Amino acid sequence: MSSTDDVALVDHHCHGLLRTDPSPDEFRVLATESDRLTPDGTETLDSPFGLGIQRFCAPLLDLPRHAGVESYLDRRAELGRETVDRRLMAATGTGRLLIDSGSLMSPLLSPREMEDGLGIPADEIVRLEHVAETVARTATAASFADDVRAALQEADAAGAVGWKSIIAYRYGLDIRPDPPTATQVTEAAGRWLAGCEASGRYRLEDPVLLHFLIWAAIPFGKPIQFHAGYGDSDIELFRADPSRATRFFAATVDSGASFTLLHCYPFVREAAVLSQVFPHVYCDVGSVTHFLGPSAGTVVRQVMEIAPFSKVLYSSDAHAISEEYLVSALAWRRETGRLLDEWIADDWLTADHAERIAADIGAGNAVRLYRLQAASTGSR
Amino acid sequence: MSSTDDVALVDHHCHGLLRTDPSPDEFRVLATESDRLTPDGTETLDSPFGLGIQRFCAPLLDLPRHAGVESYLDRRAELGRETVDRRLMAATGTGRLLIDSGSLMSPLLSPREMEDGLGIPADEIVRLEHVAETVARTATAASFADDVRAALQEADAAGAVGWKSIIAYRYGLDIRPDPPTATQVTEAAGRWLAGCEASGRYRLEDPVLLHFLIWAAIPFGKPIQFHAGYGDSDIELFRADPSRATRFFAATVDSGASFTLLHCYPFVREAAVLSQVFPHVYCDVGSVTHFLGPSAGTVVRQVMEIAPFSKVLYSSDAHAISEEYLVSALAWRRETGRLLDEWIADDWLTADHAERIAADIGAGNAVRLYRLQAASTGSR
Amino acid sequence: MSSTDDVALVDHHCHGLLRTDPSPDEFRVLATESDRLTPDGTETLDSPFGLGIQRFCAPLLDLPRHAGVESYLDRRAELGRETVDRRLMAATGTGRLLIDSGSLMSPLLSPREMEDGLGIPADEIVRLEHVAETVARTATAASFADDVRAALQEADAAGAVGWKSIIAYRYGLDIRPDPPTATQVTEAAGRWLAGCEASGRYRLEDPVLLHFLIWAAIPFGKPIQFHAGYGDSDIELFRADPSRATRFFAATVDSGASFTLLHCYPFVREAAVLSQVFPHVYCDVGSVTHFLGPSAGTVVRQVMEIAPFSKVLYSSDAHAISEEYLVSALAWRRETGRLLDEWIADDWLTADHAERIAADIGAGNAVRLYRLQAASTGSR
């Protein structure tokens, strides 16, 4: 595991931490992709991720391993989120955070607050649907497309390092290979905006506009992140298979944009194949590095089956609670290190080569792809 | 493996045993999900499950391990099914059987006969399509819905502990999130009943009626089992992906009903995700615990990747031949035990906690979910 | 691994080798399923298959293991393709090659040239779409069906041992269970031929004609190979799931034809289930035996989970460069040997039985299925 210990991780997709201390049950629900507790008489944290919290986080809160869920939640409340977050985040060894700032859950820290509070350089990933839903409050059907482009221009100028699309949630990954026409966009915007005004609800689900957003982001030449596979109860997994976007990737191979497939569980192999077949497609296994707890090695191994080593990225997809950052980071280090150690032992590559692969996946590939400043690329 | 040895299993989904001794070729075909032998010149039992039979069952019939297929079938015939079934069933360590009584293959023992003959308490799971196909022989289009409801009422009063839907076979798991209307049901019943009378064939494939049955069962508040994934040659696997039912699960989260996803191969990860995301969804890996023979550990490990430990159930899905009960039970004990032992060795949890997880999956979760009598929950 | 060392492999699906030495970048691209290099600043061969080349091939070109990509490509050019191919092919231990002669990449050696140049007996697999695209240059709408049948008759008489369909690329594996009518074929041929003449491009994508080709091949009673799963950037993975063809397999179970599912990644489990459920369906994991490099064992293990041992075949799917033949052959031997050794150690079967299974999968099943001459079935 020496090969991964020294990497200062670039976490290319994560979210902000909570601004306030969660109640025990809020914490339990945040530690799943559900919006509910498990049935009466059961403990929601009796789960693989729950084991990860006990194993990796309890000792950092001065508890013995396996202290138990109640003791852990008591101690967390006693220390308070700032102390907990500072301890756990420091132990991740993260050198840089690329933060999706468009999460719908409001009381999360912004990229700037994360950087200031934790001392870890942080960049912003702008969520396309969030841009559209903001623009919608002032746009007309006729101005919508230009207003979106202007908002993206502004985010680009302000230093956003990439974009995020959640079309997987809102429509699925059957992304068409050609952009909608200006007329189609105007018509769709008219329909959607009228509905928003009538209902007071600005949630974008129109497929024309979801497609338009992606095509509006492409000319900036910055990476576009696609949620793929596993996520909260909104997602229909079979529609979130990234291979459904194959024709789209074929159509954009010379567009100058790159695409990163996030999470991907249980379509990790599909994502890795796409990252082999298309030079502008990358993949990661964020979120399942922590949600799988003791089994995180299975997804780390799947993504390493067929993807070129230059196309795999590290992310935690951590959200709200620092336990997700820590368990993901330690699981990635352990499991990638174990796999590379096995390969070295079986003479597939040299220790030097393994070290380079670990450094590329943990940081270097993201630095190159997102054109990050050299300052963030050092080792721990 | 100490953690699983003591659990008196609750087999929450299985079928009855044969009433008569099978011929050698009948046995071979029953030991697959095919309705044919493998090609001429090959041995159908030269398969993973065939290895499991030799390994676990041959010694219980006084044969050496690896006695060979012919010797095994000879010895089985010599002892006769009653002796074989008694020996193999006793070795499973099963404390309770929940038996789907609607299998189309007629000469299977009923739950009552299973309990009386084997001394293992048995409850009935009522197959919804079987109810409809029975009701169809006397119903009219106008009476169909009420007749079905009355039949379910009767089964409920008679002590059925749950329901089983095979909509995956007859239509696929694209289950709509809203119930059909009374008018739609009456119209569909009219069409179907007319076809039944004309053809003399009472096989329900109408999607409206298949949906109606599920919605008719929901108000009873008892668990509804869904066949998912692997099954006989009738199933189109890609249509049997349980994630296709996501919107249905979202729509029924407050209905009071629970749903159990059976088998799930090769969609075990999809099923486990659904059981994390929805509090009323459970999963198992029945049937592939025996059909995978030496590889059964792969599915046991998949289901433990992301599912909360309170949402995983044990079933054998055994059918007709007691070899399926035995190989499934021993494989589950071995492989769950090995996995938990690895987790203990790697300090993910304590031995006590592992024991509780094993007891919950092997029995406790089913006892809670199906509200079984305490009498059946003791250890072996 | 003793169980696999002695098997003279029958490679039931592969392609010809290059006729000319590739440039370094041509080699890099051939070592993927992409038609592009990875992004600037990265090495395309920094991949799992790249590790396999360094591990298994470098020593045979008199280099140390892990000599590095540049050194390997230099040495390959220095020795020249004939020497390289002779050395690597000899080390595969292949006893017979069944070569798909319809690859679109023109400068590949024919089956006859492969046999003459390498001294390995070679048979031809005729690609159905290639036949149609050749016939199209002279056929009329009215003559098309008969012209195709005549061309198949000729290929059959000339000793073709089987057929290959790439309907997965051109349409997907949603193969209908019934053949198109003569009228439908004539109409579709008329449309397609008119388009070919107008464009000068003879690429068959018409679903009616793609289906017709399969039904035209069935009466010959020889195996028909289906591309399934992973392939070049043309494939949409989710459409290449072999379970989509379930109704077709059910409809052809008594047709006298057999079907082999090639590659199958990441649908190996789906393919293995189909080969259990249908007596005339077989499966392999060709191409991913080399593209997965150190992880090839995962697919070897998946295909052995549920398939009867008589229904699994060996293929390399190697194409153009002899590194693919060699890495696939050695990976198959290592990983199948390891798995069987583990099963022996865990007492699932005897060493003799393991040896028979290895011989069946490596050669015997293909000899029986393709009715190959006994001459090719000896051990190495």
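Residues numbered from 1 in each chain as written. Chains lettered and ligands numbered in written order. Predicted model: local features only at pLDDT ≥ 70, side-chain atom pairs only at ≥ 80, totals over all residues. Heavy atoms only, no water.

As recorded by an unreviewed UniProt entry, chain A carries the name Amidohydrolase and is attributed to Nakamurella endophytica.

Draft legend 1. Representation of empty space enclosed by the protein within the structure. Considering all chains together, one arrives at 15 cavities of 30 Å³ or more under this definition. Its volume calculated, the largest cavity comes out at about 500 Å³. In this structure, the largest cavity is lined by 28 residues; those nearest its centre are Glu-270 of chain A, Phe-267 and Glu-270 of chain B together with Phe-267 and Glu-270 of chain C. Of all the elements in the fold, those that place two or more residues in the lining of the largest cavity are α13 (268-277) of chain A, α13 (268-277) of chain B together with α13 (268-277) of chain C. Of the residues belonging to the lining of the largest cavity, the class tally is 13 nonpolar, 3 polar and 12 charged. (1 Å grid on protein atoms, 1.4 Å probe; cavity = no way out; pocket = protein on both sides within 12 Å on 5 of 7 lines; lining within 4 Å. Points joined across faces, edges and corners; volume = space filled by probe spheres on them. Helix = DSSP H or I, 4+ residues; strand = E, 2+ residues; numbered from the N terminus. Nonpolar A, V, L, I, M, F, W, Y, C, P; charged D, E, K, R; others polar.)

Draft legend 2. Highlighting unusual backbone geometry. Across the junction of Tyr-265 of chain A and Pro-266 of chain A, the peptide omega takes the value -5 degrees, indicating a cis bond. Here Pro-266 of chain A lies in the loop between β6 (259-263) and α13. One non-glycine residue, His-263 of chain C, lies in the positive phi region at around 70 degrees. Relative to the elements of secondary structure, His-263 of chain C occurs in strand β6 (residues 259-263). For Ala-320 of chain C, which is not glycine, the phi dihedral falls at a positive 75 degrees. The residue Ala-320 of chain C is located in the loop between α15 (296-306) and α16 (322-345) in this model.

Draft legend 3. View of the interface of chain B and chain A. Of the residues lining the interface, 33 residues belong to chain B; the matching set on chain A comes to 42 residues. Where chain B abuts chain A, roughly 3,200 Å² becomes buried across the two surfaces, and 57% of that area is made up of carbon and sulfur atoms. Counting every contact that joins chain B to chain A gives 6 salt bridges. In this structure, Asp-347 of chain B engages Arg-65 of chain A in a salt bridge whose closest nitrogen and oxygen atoms are separated by 2.5 Å. Seen at the junction of chain B and chain A, the total is 15 residue pairs in polar contact (both at pLDDT 80 or more). Counting residues per element, the ones that place at least two in the side of chain B that touches chain A are α12 (246-251), α13, α15 (296-306) and α17 (351-370) of chain B. When residues of the side of chain B that touches chain A are assigned to their parent elements, the largest contribution, 5 residues, is made by α13 of chain B. (Contact = heavy atoms within 4.5 Å. Buried area = accessible area lost by both parts, 1.4 Å probe. Salt bridge = Lys/Arg side-chain N within 4 Å of Asp/Glu carboxyl O. Polar contact = N/O pair within 3.5 Å; in protein donor to acceptor, adjacent residues only side chain to side chain.)

Draft legend 4. Quick peek at the relation of the copies chain B and chain C. Superposing chain B onto chain C takes a rotation of 120 degrees plus a shift of 0.0 Å along the axis, which leaves an RMSD of 0.0 Å. Here the symmetry operator amounts to a three-fold rotation axis. Minimal C-alpha distance to the rotation axis in chain B is attained by Phe-238 of chain B, lying at 5.5 Å. The two copies present different faces, since only 2% of the interface residues in chain B are matched by interface residues at the equivalent positions in chain C. (Least-squares fit on C-alpha atoms with pLDDT ≥ 70 in both.)

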